[in-house]
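The lines below spell out each chain.
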Amino acid sequence: MKKFTYGTPFETDAVVERVERTEGDPSQFTVERTGDAFVFRRPLSARDRVYGLGEQVRGINKRGWLYDGWNTDDPRITEGRTALYGAHNFIVLTGEETFGVFFDSAGRVVFDVGYEDPDELKITAWNADVYVIEGGSAKEVVHTFRTLIGRSYIPPKWAFGYGQSKWGYKTEEDIRAVVEGYRANGFPLDAVYMDIDYMIHYKDFTVDPERYPDLSALSAELKAEGIYLVPIVDAAIKAEEGYPVYDEGLRNGYFCTDAAGVPYVVGVWPGDSVLPDVLAPEARAWFGAQYRALLDEGIEGFWNDMNEPALFYGKERLQKAIEAVAQTKGNLELDDFNKLTANFGKLANSPEDYRALCHNVNGKRVSHADVHNLYGYNMTRAAAEYFAEYAPDKRFLLFSRSSCIGMHRYGGIWTGDNCSWWSHLLLNVKMMPSLDMCGFLFAGADIGGHADNTTEELLLRWLAFGIFTPLMRNHATNGARDQECYRFKNKDAFRRILGMRYALLPYLYSEYIKCALRGEMLFKPLAFEYPEDARADGVEDQLFFGESLMIAPVCEQNAKGRYVYLPARMKMIRMRAGDDYKVKTLEKGSYYLEVPLDEVVFFLREGKVLPLARPAQNVASLDEEHLAFVKFIDSPVEYEICRDDGSTLSGIEKGLRKITVRP
Ligand code: MIG
C-alpha cells in the first residue's frame, strides 16, 4: 500500500493505520494539476471493471457514468443523479491490473468512470491523501483497505430484527397501534421508529409531553416485550432563546459561524437554526452528551438525519429572495415570476451557504465547503463517542443518513429517501456490495420505498430481499400510502417472509460479526468469487451473501420468477417459511426459476452449511439452542457461529465458536 499526498488535506480520521508518505505520483495514474485541483487519469481497457463508491446510483460495475463524492440531500433519487447522501471515495479496479484507490478527502472528489471518454477513468480531487492498494484479487484489495480504515460498527443483536417506521407516527397511541397491528397478526417486530413529530417543534432532545406523556415508561413497557423505540435526531438546533441546547451551545461557541465568527443561521425543520460544530472536538463532545436526554428515558437506538447537512435556506439569502419579491409590489413583468421562484428554488443546500458557513477547529477557521463530507460522519461520531462514556461496554443502534468513510466505525447508514419503485429495489441490491467494500456493513434501504405509493407485491419482493440486509426497516414518508405489513391482504405471505428473517438470523448475525471483525464483505458480486468466469462477470442482480449463500432477488413487477446463473453447482433452497423449505441440487448453468410472491429462493454453496433457527416474534425470543442445518457436504465441516450476549462489545469475540456439522 502506498500513500501520496496532494495539497494540504484536512485530517479526516478515516484511516487507522499509519502509512508513510511516498513522493511522486502513483504509477497507476498520470496526474495533472489544474488550478487547485488534481486530475488523475488512467485508460480503461475493455476488460477493466471499476467497483466501489458505496452509496451511489447505477450499477455494481461503475463504468459509464459520473459520480460526485459530495454529500447531497435531494429526495428524488433518479438515474440522472451523480451524488447521494454519502461520499465513499474508494474504488477497486480489476482487469489489466488489480488495485484499489482511496481518496481520503474532506471535500469533493469526482469520479468520471468513462463518462466523458468511455475508455478513460478520470478522478478529480482537491486536498487529498491518496492510498493505492495493490492485491492479487478484488477481495484481497478490499480486505487490505478495510484493515486500513478499521473495524466496522457492530450494533446490538436486536438491531438485526425487523423494524417498522413511518414519518407520521405522532403519538404514543400511534406507536401502540403499530405494535398491536404486528402482534395481532403474529408478525415479528423488534423496533418501532419515531420520526420528527415526537419532538417539541422539532427541537432535538426534547419530547412532546402531550404526545408522549411518559416516554420512559413506554420504552420500558415495550422493551419488556422485546420491542425497542428508535427516535430520529436531526443535525440542526433550533435558534430559540430559552431552549437549553441552543443557549448552552451559543454560550460556549459550539455552533458553526460565518467568517467573522457569528453563528450562521440556516433554516431546517425547526425554522431558524444553527449547526453544532461537530468537527471541533469540544463541540462534538458536547453535542454527543445531549443524547443523554433520550438515553436516560431508556432509548438504546438512534437514527441521525439531515446531516449532509441539509439546509432549506440560509437566512441571509432567504431575506434577499423575500426582498426581491417585495420590490415588485405584486406587479410581475415578463420573466419576473420565473426568476423570483427560481430564487427560492435555489435556496436549499446552496453552495454559497456551504462556502460561507465555517467550522472553528482547534483555533482554525475552515470553510464548510472544504470539509463538507465530514459533517454526518462527525455528528454520528459525536453520539458514538458519548455512548462509550455513558455505558462503556454497551452496544447501541446508531445509523446515519449522511456519511463518509471513517464513519463506518461509529455507525451504520440507511440509504435515504428512495421511492416505491421497482428500480429502487434493484438499486438497493446493487448498492449493498459497494457499501461493504467501503466498510458500511450495517446498512439497509427504506423497505417498500420512502416516497410514492408502494404495492403489496413490491413490498413483499422488497422484504424478500430485506431479510438479508443487516438493517431491515420498513419506512415511508408522511404523504405515502401506509405500508405496515398488516395493511395488506395476504397476511400469511407477510408472516412467513418476516419469519424467514428470524430463521436466518443466526447465520446473518454470525456472518456479519465475522465480516466486521475480519474486514470481509457480507455481500459480494459474483465476479469477486469467480473472477475467471466470463458469465459471472456483469451479473448485477445476484449476490453472494456470507460464506454459504448466493441470493437472487426478484426485482420486477408481475414476474412469475427469474433467470438465475449458477457459477457452480449449488443447492437451491426454496423457502416457504423459516421452517418449511425444499432443497434441490442444481448444476452450474442458467435456469429460469419460478418464485411465487410468498416464497424466497436462494442457493447453498457446495461444501457449506446454513444454520437455521425456528421463526420467532423477536430477536430476544429466538431459540438458538436448537438449530437446524441445511447442508451441502459429504464430510464433516466446521461452521463458526457467533453466540455472544448480543449487547456488549467485550463479549463479541468470546461469542465465536466452531460447530462441527456432519453430513
Ligand atoms: O426533510 O424526518 O430521509 O427518512 O422520514 C425530510 C422526516 C426529513 C428525511 C429522512 C426521512 C425522514 C424525513 N426526513
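Anything mentioned here points back to the structure above.
Now for a look at the structure at hand. (Residues numbered from 1 in each chain as written. Predicted model: local features only at pLDDT ≥ 70, side-chain atom pairs only at ≥ 80, totals over all residues. Heavy atoms only, no water.)

In the vicinity of the ligand there are 13 residues, among which Asp-195, Asp-305, Arg-401, Asp-417 and His-475 approach most closely. A distance of 2.6 Å is found between an oxygen atom of the ligand and a side-chain nitrogen or oxygen belonging to Asp-195. Here Asp-305 contributes a side-chain N or O atom positioned 2.8 Å from a nitrogen atom of the ligand. In isolation the ligand has 350 Å² of accessible area, and contact with the protein removes 94% of it. (Near = heavy atom within 4 Å. Polar contact = N/O pair within 3.5 Å; in protein donor to acceptor, adjacent residues only side chain to side chain. Areas by Shrake-Rupley, 256 points an atom, 1.4 Å probe, with all protein chains shown as cover.)

Another aspect to go through is the sheet that holds strand β19 (residues 313-314). In spatial order, the strands read β15-β17-β16-β19; together these 4 strands make up an open sheet with antiparallel pairing. The sheet is open, and its two edges are formed by β15 (237-238) and β19, each paired on a single side. As paired strands, strand β16 (residues 266-268) and strand β17 (residues 271-274) are joined by 3 bridges and run antiparallel to one another. Across the sheet, the residue bridging to Gly-267 is Asp-272, located in β17. (Pairing = 2+ DSSP bridges. Helix = DSSP H or I, 4+ residues; strand = E, 2+ residues; numbered from the N terminus.)

On the secondary structure map, Gln-164 appears in strand β12 (residues 162-164). In this structure the side chain of Gln-164 is engaged in a polar contact, spanning 3.3 Å, whose partner is the side chain of Asn-474. With near-sequence residues (within four places) excluded, Gln-164 lies in contact with Tyr-169, Val-178, Tyr-182, Leu-189, Ala-191, Val-192, Tyr-193, Asn-474, Gln-483, Glu-484 and Cys-485. (Contact = heavy atoms within 4.5 Å.)

Before going further, it helps to examine the packing of helix α12 (residues 422-437) against helix α13 (residues 456-466). Where α12 meets α13, the closest approach of the two axes is 10 Å, and the angle between their N-to-C directions is 5°. Between α12 and α13, the interaxial angle falls into the category roughly parallel. For the pair α12 and α13, the contacting residues are Trp-422, His-424, Leu-425, Asn-428, Val-429 and Met-432 in the first and Glu-457, Leu-458, Arg-461, Trp-462 and Phe-465 in the second. Considering only residue class, the contact of α12 with α13 consists of 7 nonpolar, 2 polar and 2 charged. (Axes fitted to C-alpha atoms, helices over the stretch in contact; angles between N-to-C directions. Parallel < 35°, antiparallel > 145°, perpendicular 65-115°, else oblique. Nonpolar A, V, L, I, M, F, W, Y, C, P; charged D, E, K, R; others polar.)

Turning next to the sheet that holds strand β7 (residues 90-94). Across the sheet, 5 strands lie side by side as β1-β11-β8-β7-β4; this open sheet has antiparallel pairing. Edge positions in the sheet fall to β1 (2-6) and β4 (49-52), since each of these pairs with one other strand and no more. Between one strand axis and the next, the sheet turns through 20° on average, direction left out of account. Where β4 lies against β7, 4 bridges are found, and the strand directions are antiparallel. By the bridge assignment, Val-50 is partnered in β7 with Leu-93. In the packing of helix α1 (residues 138-149) onto the sheet, contacts are made with β7, β8 (99-104) and β11 (128-134), and the angle to β7 comes to roughly 155°.

Looking now at the pattern of salt bridges. Counting across every chain of the model gives 53 salt bridges. A salt bridge links Arg-576 to Glu-599; the shortest N-O distance between them is 3.9 Å. Highlighted residues: Arg-576 in strand β32 (residues 570-577) and Glu-599 in the loop between β34 (589-594) and β35 (600-605), separated in sequence by 23 residues. Via salt bridges that share partners, Asp-73, Asp-305, Glu-308, Arg-401 and Asp-417 belong to a single interconnected network. (Salt bridge = Lys/Arg side-chain N within 4 Å of Asp/Glu carboxyl O.)

Along an α-helix, a turn takes 3.6 residues, which lines up residues three or four apart on a common side. Restricting attention to buried positions, one finds in helix α3 (residues 215-224) the residues Leu-215, Leu-218, Ser-219 and Leu-222. For α3, the buried positions fall inside an angular range of 95° around the axis, keeping them on one side. Buried positions along α3 lie against α2 (172-184), β13 (191-194), β14 (228-234) and α6 (292-295). Directly after α3, the chain includes Gly-226, whose backbone phi takes a positive value near 85°. (Buried < 20%, exposed > 50% of the residue type's maximum accessible area, 1.4 Å probe, protein only. Arc of directions from axis to C-beta.)

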